[in-house]
Amino acid sequence: MASGVETILKEDAFLVSETNAKGTIIFANQQFCNIAEYNLEELINQAHNIVRHNDMPKAAFKDLWDTVKEGRTWQGFVKNRTASNGYYWVFATVYPYKNIDGEQCYMSIRRKPSREDVQKYSELYKTMH
Ligand SMILES: Cc1cc2nc3c(=O)[nH]c(=O)nc-3n(C[C@H](O)[C@H](O)[C@H](O)COP(=O)(O)O)c2cc1C
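Here is a short report on the structure shown in this document. This is a predicted model, so every value here is computed, not measured. (Residues numbered from 1 in each chain as written. Predicted model: local features only at pLDDT ≥ 70, side-chain atom pairs only at ≥ 80, totals over all residues.)

**Observations concerning the site of the ligand**
Turning to step 1, where the next piece is worked out: The environment of the ligand is made up of 19 residues, and the closest members are Gly 23, Asn 49, Arg 52, Tyr 106 and Ser 108.
Turning to step 2, where the next piece is worked out: Broken down by secondary-structure element, the contributors of at least two residues to the shell around the ligand are strand 1 (15-20), helix 3 (58-69), strand 3 (74-81) and strand 5 (104-111).
Turning to step 3, where the next piece is worked out: It is helix 3 that provides the largest number of residues to the shell around the ligand, a total of five residues.
Turning to step 4, where the next piece is worked out: Looking at the shell around the ligand residue by residue, the classes come out as 10 nonpolar, seven polar and two charged. (Near = placed C-beta within 6 Å. Helix = DSSP H or I, 4+ residues; strand = E, 2+ residues; numbered from the N terminus. Nonpolar A, V, L, I, M, F, W, Y, C, P; charged D, E, K, R; others polar.)

Here it is as structure tokens:
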């Protein structure tokens, strides 16, 4: 078990997931699955907090949800847990959209954050618990 081991994203990493209105995962791309260390089948229909890391403050996700529910785009730095209890940092952009049936859904795209930002937000989040 690679507990506490950081996975550092490649420069061109592009991790995508989508949820329904309740935050249940309805899609994840192969890169998201690979980095999170899950098969797609293990992620679909799960609550997105399946990848939540304990170091993430609740306020960050409250801000995310408040923002996208207002129809706006949220951007922020997120530390996620991997299936083997490691972690990885992303810079996430989360958008609301309607699917072909007009149902409210959300999409998150994630890029590699700079090391400076990882350092800054890991310190900041420690003060937010
Ligand atoms: C499109 C989308 C993507 C999300 N991606 C993540 C993610 O990568 N990691 C994460 O911990 N929470 C993510 N969330 C937030 C979760 O839904 C959840 O609010 C968070 O994990 C905190 O868990 P809790 O609400 O059970 O406290 C995402 C939400 C949406 C709408």
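**Observations regarding the nonpolar core**
Turning to step 1, where the next piece is worked out: Counting residues in hydrophobic clusters, the biggest one holds 18 residues, and the most contacted among them are Phe 32, Ile 35, Val 90 and Val 94.
Turning to step 2, where the next piece is worked out: Residue assignment for this core shows that the elements contributing at least two residues are strand 2 (25-28), helix 1 (30-36), strand 3 and strand 4 (87-98).
Turning to step 3, where the next piece is worked out: For this core, the leading source of residues is strand 4, giving five residues. (Core = buried A, V, L, I, M, F, W, Y, C linked by C-beta atoms within 7 Å. Buried ≥ 20, exposed ≤ 12 C-beta atoms within 10 Å, placed from the backbone.)

**Here we look at the sheet that holds strand 2**
Hydrogen bonding along the main chain pairs the strands of a sheet, whether they run parallel or antiparallel.
Turning to step 1, where the next piece is worked out: If you walk across this open sheet you meet the five strands as 2-1-5-4-3, and the pairing is antiparallel. The two strands at the open ends of the sheet, each matched to only one other strand, are strand 2 and strand 3. Each strand of the sheet is rotated relative to its neighbour by a mean of 30°, with strand direction disregarded.
Turning to step 2, where the next piece is worked out: Bridge count between strand 1 and strand 5: six bridges; the pairing is antiparallel. Directly across from Glu 18, in strand 5, lies its bridge partner Met 107.
Turning to step 3, where the next piece is worked out: Across the sheet, helix 3 touches strand 3, strand 4 and strand 5, and the angle it forms with strand 3 is around 140°. (Pairing = 2+ DSSP bridges. Axes fitted to C-alpha atoms, helices over the stretch in contact; angles between N-to-C directions. Contact = placed C-beta atoms within 7 Å.)

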